[in-house]
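Fold and geometry: a report
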Amino acid sequence: MRSWRGLVGLSALLTVTGCAADAELDTMNPQGPLAQEIDNLLQPVLILAYVVFALVLGATFLIWWKFRDNHEDEEFPKQVHGNTKLELLWTAAPTVVLAVLSVFTLIVLASLNDREDNAISLQVDGESVTWEPEVVVVGQQWWWEFRYYLHGLDGVDLSDARNLPPADIVTSSQMIIPIGQEIELSATSRDVIHSFWIPALNGKRDVAPGRVHPWKLEADNPGVYFGQCTEFCGLSHSRMQMQVVAMTPEDFQSWITEQLANPAAPTDEAALRGQAVFEIQCTRCHVVNSINGETSTGADLVSNAAPNLTHFMSRTTYAGGIFNLYEPDGSLDRTQLEAWLRNAPEEKPAYAQGRRGMPAMGLSEDEIDDLVAYLTTLGTSPGLSIIEATEVE
Amino acid sequence: MSEAATTEHPTNTGISHNKLAMWVFLGSECLLFGALISTYLLYRNEFHTGPAPGDIFDIPFTSVSSFVLLMSSLTMVLALSALKRGDIRNNRLWLLTTALLGALFIGGQVYEFTSFVREGLGFTTSPFSSAFFTLTGFHGIHVSLGIVMLMSLLISSLRGNLKEKNSETVEIVGLYWHFVDVVWIFIFTVIYLVPNPTS
Amino acid sequence: MTDTAVETTRPIGVYTRPKGGGGWRDWVTTVDHKKIGILYGATALVFFVVGGCEALLIRLQLATPNGTILGADTYNQVFTMHGVTMIFLAAMPLAAAFGNYLIPLQIGARDVAFPRLNALSFWVFLAGAIFLNLSWVLGGAPDGGWFGYAPNSGIIYSPSVGMDFYAIGLQITGIASLVSAINLTVTILNMRAPGMTLFKMPVFTWMMLVVQLLLVFAMPVIAVALFLLIFSRQFGANFFNTEMGADPLLWQHLFWIFGHPEVYILILPSFGIISEVIPTFSRKPIFGYEFMVFSGIAIGFMGWGVWAHHMFASGIGPLSVAAFSLSTMFIAVPTGVKILNWLATMWGGKIKFTAAMLFAVGVISMFTIGGLSGVTHAMSPADTQQTDTYYVVAHFHYVIFGGIIFGLFSGFYFWWPKVFGHMLSEKLGKINFWVMLVGFNMTFGPMHTLGLQGMSRRIDTYSPGFGFELWNMVASIGSFIIATSVLIFVINVIVSAVKAKGQPHCGPDPWDARSLEWMTPNPTPEHNFDEVPVVESLDEFWHRKYGTDEEGRIVRVATAEEVCQDGSATGVHLPSPSYWPLVFSAGLPLVGLGLIFSLWLTIPGGIMMVGSLFAWVFEPVDDPDGPHGHHDDSEETATEEAPVV
Amino acid sequence: MNTSETAVTTEAAHDDHDHPSDAKYIQIALLLGIITAAEVATYFVDIGVALIPVLMIMMVVKFFYVASWFMHLRFDSPLFTKFFVAGLILATTVYLVFLTVFEFWSKG
Ligand code: HEA
Ligand code: HEA
Ligand code: CUA
Ligand SMILES: [Cu+2]
């Protein structure tokens, strides 16, 4: 009996101690108003749940203590068949409690679903535009693409996710957002159902092919917020991760400016050779704006898309946010990148034969060296602080 | 052995097991057809590049086959009522008519399907086509099973085994048959007569 | 009755009915509800261990970060098969085992309404179960999760044959469930002993009635969903082809319209079991019988209006989310009534904490934990943080393991003497309970934490650094403690059986029980009741043993031996065994394999099925030498009206 | 359910009295035929907004007649009606909600 009490206590305790310090996906560590609202709703309910449970368990122990009787006698206790008043009481009491809970649920639900009118002004190609922060989120096996249409989504046809209209900025694995702004997401998928989830910023929302789901995010402070695809989506579902990098408006503006410009053409020998290989081997799936613009979009793949590599070096993780592009000191993590180019399915399970995921390209070591040299010319590294914060193990 | 032990089987409800089982089963079937019909309704607009329902449904033709199925319900009750009177001859006659009307309906469906396929509506043409063929196909299979049951009754009658006291068997087959008819009443209205999208 | 049926359906020479007799032949041809119950139970326990071993593999893989015991591909198959096996091949058939064995006894009947169909249900279930597990060796097990969301379950994204086995296998076990549900519904409504009105039925029988109705209405829905999947995979239908405008949410809705009633299909039998156990050992009648019954009905009924709570994040509109959020929350009300009524039953009792009672009390508290986390799911905004994390895994293992498995174990300890004529060791039973309780909480308690820390479900591995290491290790250790407890149960079964060998059977009433099934000797004789009892009250058996004296005190008026029948009646007519349920069922997997691999295989399968149906209909009502009787299940032969008594 | 009384004594006869004659069945079939004709007529004659309600009403009437007369629900044990109606109502509500969640009504 002792041990029982101890254990049940323990299991209750476990729930309370849910917030370990290093838990980057912690759901109870809100970093923005939306996640905060959810947390505010959940916390009291958890307490209520403990109370209800304590009552049930307390009653059980009381009964155990008072009414246990292992004597082999023929005595019977008073035979009570029921008590309508009591029954009604314990029908009514939970009803009332739940009615209260439902009111709060509805309030939070409504507030999470209305759209705030907000706009920031951005410099786009030297012009000033008002941008209602919105990002198109596209899931596919097993990575996320983020598309920025800086002139708004009006008239942008998202109905066919495999054939989206060209966007101003296309990036993957890491979504960059300005802080203090509600970012509207239009989320869709190119193949199966995935789920977009940045626990610190909001709950999750499934993305489904043929459907565009609205969702939103908001971060209070600059920082890097981790996420994980949570709808089972096949082989590498566990390796379909992403991060949101929230920046001050100024940093965000410089990120935009950088992304809008094409990276400078390579000059170095190896990189030029790499570019040649890239044009032969890689452009059938990948896009680098300065090379193949929007012309080839992963036609080889079921999802019809591979990550846009134009500003590859400007992100710190790749391949579904599971590999670091940089060492903690800011230098390139060459070993990992080479391994990826050598045999991607070895690094991250994929059905490359089934045209899902990046295949092993059968490159020679020289070609790999050249390709790495070329890839490092694509975009510039973000600051060390981001590299540190986004480090994945 | 004591005869008492074997004759104690009146049922609590006064209803025979078989009949109750059939009704429970029909309750279950409501959910089955409900799911198929809702799936169809969900997809009736999704004809992709293929023909739309409004383009290909032949209402006059389907009306006739609906009428045929409806009348088979009449012949089915007549078969039962004949058997209850002990009129074996008419019972056989009506059973046969019912089966034939059913077969006529199925024939009509086969014709409808082939003409749809000729007009470019295959099973894999669009979500609409898949849903349409699945729904009407399930109904058709139910009718066909009903025909098999009717034929078994007929055979057993010809072998002299279908007597007045077996009328409940006929009644149960009848219940199934009418149910399938009732489902068609629903399908005919909701799927055929309610104005359909055209491409 | 009427021997006329025999006369009119002339036995066609070859189809004589088997005579029963002894040995394995007896088991494969049996139509006795008790034997079928035992078959169900034994098979389901085997699959419980299979599903449990799959769970242990999951836990081994997840015990440490970057686990490498199973690759991603195998892991996906293992967790899918774990869910499918546990739900469809362990929990549901275990409920069917109790239902089959006990319902006829609790209502005072000789058998179920359709004995041969009952055998059919079991064999079809077994065929489906074997079929599903054949996938391991025939090209890969299903890998789309137990709820197989489209389009990931489609042929493009799951090109192995696994999901074909899933769709066809579940279709087969679905047939078994539907047939058995119709059978038991008719049994309960039609075959109660004289005097047993619906409101004198034991709570277990009541809950089983609700479950059968849920099955009757829910199975066709998943049948349709599975047909759509089969047609899409096998024949290129476009139900989930989003490129042509299909909606992937169609599958989710159909699955959960079935799936949520399904979870109540799973839990209500266990609620029924402990509603028998708790009054017996508290030596009090169940508190608020009518409320118990009606809350069970209410749960079953409300269970139909909440399915989309599995889809709060799926992108259905906010209005739908709001509606389903509310309906889900209020399901806590009837469930709460049950919890409190059990407590009230114990309150003021004189409680014997036997192993069965311990497990029953375990249900009350452990299920409550799961139910409460269910309520936190029902608050849809909160659920968007919880869904598809280990918090959900924690929720449903608390309700499933804490609610269903504990309840079923309670039933094992309680009815073991009824079924096998000897008791299980109480001592081992109590150890069994405590070890299981510890292991269970150690396994699933930490999953709450993991979920709230953001660990997603269905991930084959996780990186260090998210803070998942500790609790995963604890959970994995816990799962082996559960395995130990299951092992203790198995040992208990063996040891007790060995001990009981050569000993006389235990007395008829080891627990001072309350309901009709204990009026037959232990183990139950083949014909159940020597004479069908006339029922006057709820807890009929108890009321025959006890009365009140002038001061209103309870006094014994008869010993159990006096009240119980001695099982000595002879010549009671029983339905004859039959080969055909088995033969028919064996045809089904052949047809299934045919659909997957080569249509040629459907031919022998089809012949077996059609042939055995034919044989079924025309087989003589009785075994040739048996006493004449009636009461059989074929439409052809049992159509005479209910005789007037 | 009214099955709660101990129905050991059965009204086994309930099947026999009250049974409609063949003529009655034919009348009903005639009625059903006429309704069907009217239904089909709506296809050729434009009745505007009334169309769908009218169709639904006619459908329900036909449904009702077949179920209550041909399937004998009128005369038979109310338990049957309960099972059937339970299935019908459950199916209707569940699938109406289902279609509503898909925004079927606004999509048309
Ligand atoms: C035995 C099976 C069983 C049972 C009984 C339940 C019972 C309940 N379940 Fe659970 N559920 C599952 C099995 C079950 N569930 C499974 C298997 C899944 C996951 C499927 C998958 O995704 O694979 C799931 C998932 C699931 C979800 C989806 C989570 C997600 O994926 O995001 C939700 C959401 O609302 C939910 C809610 C509930 C609720 C409200 C109850 C209620 O019925 C609980 C009611 C009980 C109580 C509340 C406790 C007792 C009450 C009192 C003591 C009274 C006082 C209480 C209050 C005032 C609150 N369940
Ligand atoms: C009835 C239902 C049921 C039961 C009883 C269990 C029991 C267990 N389950 Fe679960 N589980 C599900 C239903 C169930 N489960 C479902 C539906 C899912 C979702 C699947 C999906 O996502 O698709 C799931 C998913 C699931 C997961 C999540 C997987 C993932 O998302 O990646 C995990 C992880 O730990 C898990 C663990 C366990 C464990 C440790 C047990 C343990 O309690 C098991 C204990 C049993 C044993 C250990 C028996 C073994 C006994 C022996 C080995 C003794 C040997 C003796 C002899 C040979 C004589 N289960
Ligand atoms: Cu994408 Cu899981
Ligand atoms: Cu549910």
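If you're wondering where the values come from, they're calculated on a predicted model, not measured in any experiment.

Focus on the site of ligand 2
Residues and elements named next belong to chain C. Neighbouring ligand 2 are 34 residues, the closest being Tyr75, His82, Trp146, His397 and Arg458. For ligand 2, an oxygen atom lies 2.8 Å from a polar atom in the backbone of Trp146. For the shell around ligand 2, the elements supplying multiple residues, two or more each, are helix H3 (33-62), helix H4 (72-106), helix H14 (390-420), helix H15 (426-452) and helix H16 (469-500). When grouped by side-chain class, the residues that make up the shell around ligand 2 number 24 nonpolar, seven polar and three charged. Among the domains, domain 1 (36-192 + 199-226) and domain 2 (259-503 + 533-564) are the pair contributing at least three residues each to the shell around ligand 2.

Brief notes about the site of ligand 1
Around ligand 1, 33 residues are found, and the nearest of them are Trp146(C), Tyr264(C), Asp383(C), Thr387(C) and His395(C). Note that an oxygen atom of ligand 1 is positioned 2.7 Å from one of the side-chain N or O atoms of Thr387(C). Here an oxygen atom of ligand 1 and a side-chain polar atom of Arg457(C) are 2.8 Å apart. When residues of the shell around ligand 1 are traced back to their parent elements, those giving at least two are helix H2 (33-67) of chain A together with helix H8 (249-282), helix H11 (332-346), helix H12 (355-378) and H14 of chain C. The element that contributes the greatest number of residues to the shell around ligand 1 is H12(C), accounting for seven residues. Each residue belonging to the shell around ligand 1 can be placed in one class, and the counts come to 21 nonpolar, 10 polar and two charged.

Quick word on helix H10 (residues 318-330) of chain C
Relative to the 18 Å expected for 13 residues at 1.5 Å per residue, H10(C) spans 19 Å between its end C-alpha atoms, a close match to the ideal helical length. Within the span of H10(C), buried status applies to Ser320(C), Val321(C), Ala322(C), Phe324(C), Ser325(C), Thr328(C) and Met329(C). Buried positions along H10(C) lie against helix H3 (84-113) of chain A, H11, H12 and helix H13 (380-386) of chain C together with helix H3 (78-101) of chain D.

Some thoughts on the environment of Gly320(A)
Residues and elements named next belong to chain A. In this structure, Gly320 sits in the loop between strand S13 (317-318) and strand S14 (323-324). Residue classification places Gly320 among the buried residues on the basis of a relative accessible area of 0%. A C-alpha to C-alpha distance of 9.7 Å links Gly320 and Ser238, two positions 82 residues apart in sequence. When neighbours within four sequence positions are excluded, Gly320 is seen to be in contact with Trp142, Trp143, Ser173, Arg239, Met240, Gln241, Met242 and Lys348.

A few points about the coordination of the copper ion (ligand 4)
Residues and elements named next belong to chain C. At 1.8 to 2.1 Å from the copper ion (ligand 4) lie its protein donor atoms, namely His260 (ND1), His309 (NE2) and His310 (NE2). Read in sequence order, the donor residues coordinating the copper ion (ligand 4) give the pattern H-x48-H-H. In this structure, the copper ion (ligand 4) lies 4.5 Å from the iron atom of ligand 1. Here the residue His260 occupies a position in helix H8, and His309 occupies one in the loop between helix H9 (289-302) and H10, the gap between them amounting to 49 residues. Pair check on accessibility: His260 and His309 agree, each one buried.

Parameters at a glance
Residues numbered from 1 in each chain as written. Chains lettered and ligands numbered in written order. Predicted model: local features only at pLDDT ≥ 70, side-chain atom pairs only at ≥ 80, totals over all residues. Heavy atoms only, no water. Near = heavy atom within 4 Å. Polar contact = N/O pair within 3.5 Å; in protein donor to acceptor, adjacent residues only side chain to side chain. Helix = DSSP H or I, 4+ residues; strand = E, 2+ residues; numbered from the N terminus. Nonpolar A, V, L, I, M, F, W, Y, C, P; charged D, E, K, R; others polar. Domains from an automatic or database assignment. Expected span 1.5 Å × (residues − 1). Buried < 20%, exposed > 50% of the residue type's maximum accessible area, 1.4 Å probe, protein only. Contact = heavy atoms within 4.5 Å. Donors = N, O, S within 2.8 Å, 3.2 Å for Na, K, Ca; no water.

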